[in-house]
Amino acid sequence: MFSLSLIPASILGLIMVLSLLGTVFKTCRFYARILTCYVLLATCATYGVVASVALRIVGKVSIAQWTTARAMKMVGCPIMGIEFEVEGEEILETRPAVFISNHQSELDILFLGRAFPKHCSVTAKRSLKYLPFLGWFMALSGTVFIDRGNRQTAIKAFDGAVKEIKGNKQSVWIFPEGTRSYFGKPDLLPFKKGAFHLAIQAGVPIVPVVVQNYAHVLHLQDRTFEPGTIKVKVMERCHIVEGNYADCCARRSWILSRLRNSRWTTSSG
């Protein structure tokens with residue numbers, strides 16, 4: 001009779017076989033490392049559920065996502081052989097703020113593990129809320145869920161985020177591209193307006209964070225996933241005047257231009 005307890009053992013066995021074959025075949029190494037990432041994600045999400053409940057009980061839920069992110073970094077980076085060199089890390093202590101960064105691939109999970117600040121909540125598409133473990137953790141830890149197909153519920157979610165920013169000094173982390181780019185070379189998708197409207201409503205600065213293109217480490221189209229070092233640049237705060245919506249498009253274009261012209265997005269080296 002099939003037992004659900006065999007599933008983890010089967011996955012770990014598959015990873016071991018693929019890792020062994022990966023010493024010879026690059027594609028096997030790629031799939032072994034991808035599966036390992038998903039196992040790490042499930043493990044840390046489970047930890048996140050427990051941590052979020054415990055921190056909520058003691059009134060410290062504002063750091064639930066930070067502590068789970070650091071668990072992902074502490075476990076995931078050594079196992080995957082990936083390091084992040086962060087320049088301007090002290091700017092991440094800005095509180096409250098709206099942090100924005102480029103959205104490249106599933107490897108963003110490890111990047112957030114390294115860079116995610118205390119007292120901050122991430123935004124995510126609403127469908128993730130219903131995933132086992134990951135969705136439970138995100139819901140319990142205060143994620144701002146956005147329903148992209150329903151403008152009214154999206155506005156309501158941002159209104160709740162504004163209250164958290166103003167009332168509890170809780171920062172928000174947003175990927176303004178709205179979806180993963182999967183670019184094989186440095187580039188950015190157009191920015192959506194949500195992050196800028198949120199900063200204007202709350203009257204808090206925007207902190208741009210630009211991450212080097214991952215292609216030298218993870219390239220899905222080429223089925224390549226290797227150890228390596230990824231550079232991160234935390235840029236200077238962009239101060240926002242509360243309620244100045246006329247400034248929204250100008251600020252968005254200016255920040256996008258700064259990120260595009262950054263040395264981190266113009267070169268993978």
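Scroll up a little and you will see the structure.
Residues numbered from 1 in each chain as written. Predicted model: local features only at pLDDT ≥ 70, side-chain atom pairs only at ≥ 80, totals over all residues. Heavy atoms only, no water.

Looking at the pairing of strand 9 (residues 228–234)
Then step 1. Side chains Gly 228, Ile 230, Val 232 and Val 234 of strand 9 all project onto a buried face; the interleaved residues Thr 229, Lys 231 and Lys 233 project onto a face where none is buried.
Then step 2. Pairing of strand 6 (residues 206–211) with strand 9 involves three bridges; the strand directions are antiparallel. Counterpart to Val 209 in the pairing with strand 9 is Val 234. (Buried < 20%, exposed > 50% of the residue type's maximum accessible area, 1.4 Å probe, protein only. Helix = DSSP H or I, 4+ residues; strand = E, 2+ residues; numbered from the N terminus. Pairing = 2+ DSSP bridges.)

A closer look at unusual backbone geometry
Then step 1. Omega for the peptide link from Arg 95 to Pro 96 comes to -5 degrees, which places this bond in the cis form.
Then step 2. Inspection of the secondary structure puts Pro 96 in the loop between strand 1 (82–87) and strand 2 (98–101).
Then step 3. Positive phi outside glycine occurs at Phe 133, with the angle close to 65 degrees.
Then step 4. Among the secondary structure elements, Phe 133 is positioned in the loop between strand 3 (120–125) and helix 5 (134–140).

Notes on the nonpolar core
Then step 1. Grouped together as the largest cluster of nonpolar side chains are 44 residues, with contacts concentrated most on Ile 82, Leu 107, Phe 111, Trp 173 and Phe 225.
Then step 2. Of all the secondary-structure elements, those providing two or more residues to this core are helix 2 (26–57), helix 3 (64–80), strand 1, helix 4 (108–115), strand 3, helix 5, strand 6 and strand 9.
Then step 3. The element that contributes the greatest number of residues to this core is helix 2, accounting for eight residues.
Then step 4. Formed by 29 residues, the second largest nonpolar core is a distinct cluster that contains Val 144, Ile 146, Ala 199 and Val 210. (Core = buried A, V, L, I, M, F, W, Y, C linked by side-chain atoms within 4.5 Å.)

Remarks on the environment of Arg 95
Then step 1. Examined against the element boundaries, Arg 95 turns out to sit in the loop between strand 1 and strand 2.
Then step 2. In the structure, Arg 95 is positioned 14 residues away from Gly 81 in sequence and 31 Å away in space, judged by C-alpha atoms.
Then step 3. Apart from residues no more than four positions distant in its own chain, Arg 95 is found in contact with His 119, Asn 168, Lys 169 and Ser 171.
Then step 4. A polar atom in the side chain of Arg 95 sits 2.8 Å from the backbone oxygen of Lys 169. (Contact = heavy atoms within 4.5 Å. Polar contact = N/O pair within 3.5 Å; in protein donor to acceptor, adjacent residues only side chain to side chain.)

Concerning the side chain of Thr 94
Then step 1. Within the secondary structure, Thr 94 sits in the loop between strand 1 and strand 2.
Then step 2. Here Thr 94 falls in the buried class, since its relative accessible area comes to 12%.
Then step 3. From its side chain, Thr 94 meets the backbone oxygen of Ile 91 in a polar contact 2.7 Å long.
Then step 4. One polar contact links Thr 94 to Arg 237, side chain to side chain, over a distance of 2.7 Å.

Considerations on the environment of Val 207
Then step 1. Mapping Val 207 onto the fold places it in strand 6.
Then step 2. Once the C-alpha coordinates of Val 207 and Trp 173 are considered, the two residues, 34 residues apart in sequence, prove to be 9.3 Å apart.
Then step 3. What Val 207 contacts, discounting residues up to four positions off in sequence, is Ile 91, Thr 94, Ala 97, Val 98, Phe 99, Ile 100, Val 234, Met 235 and Arg 237.

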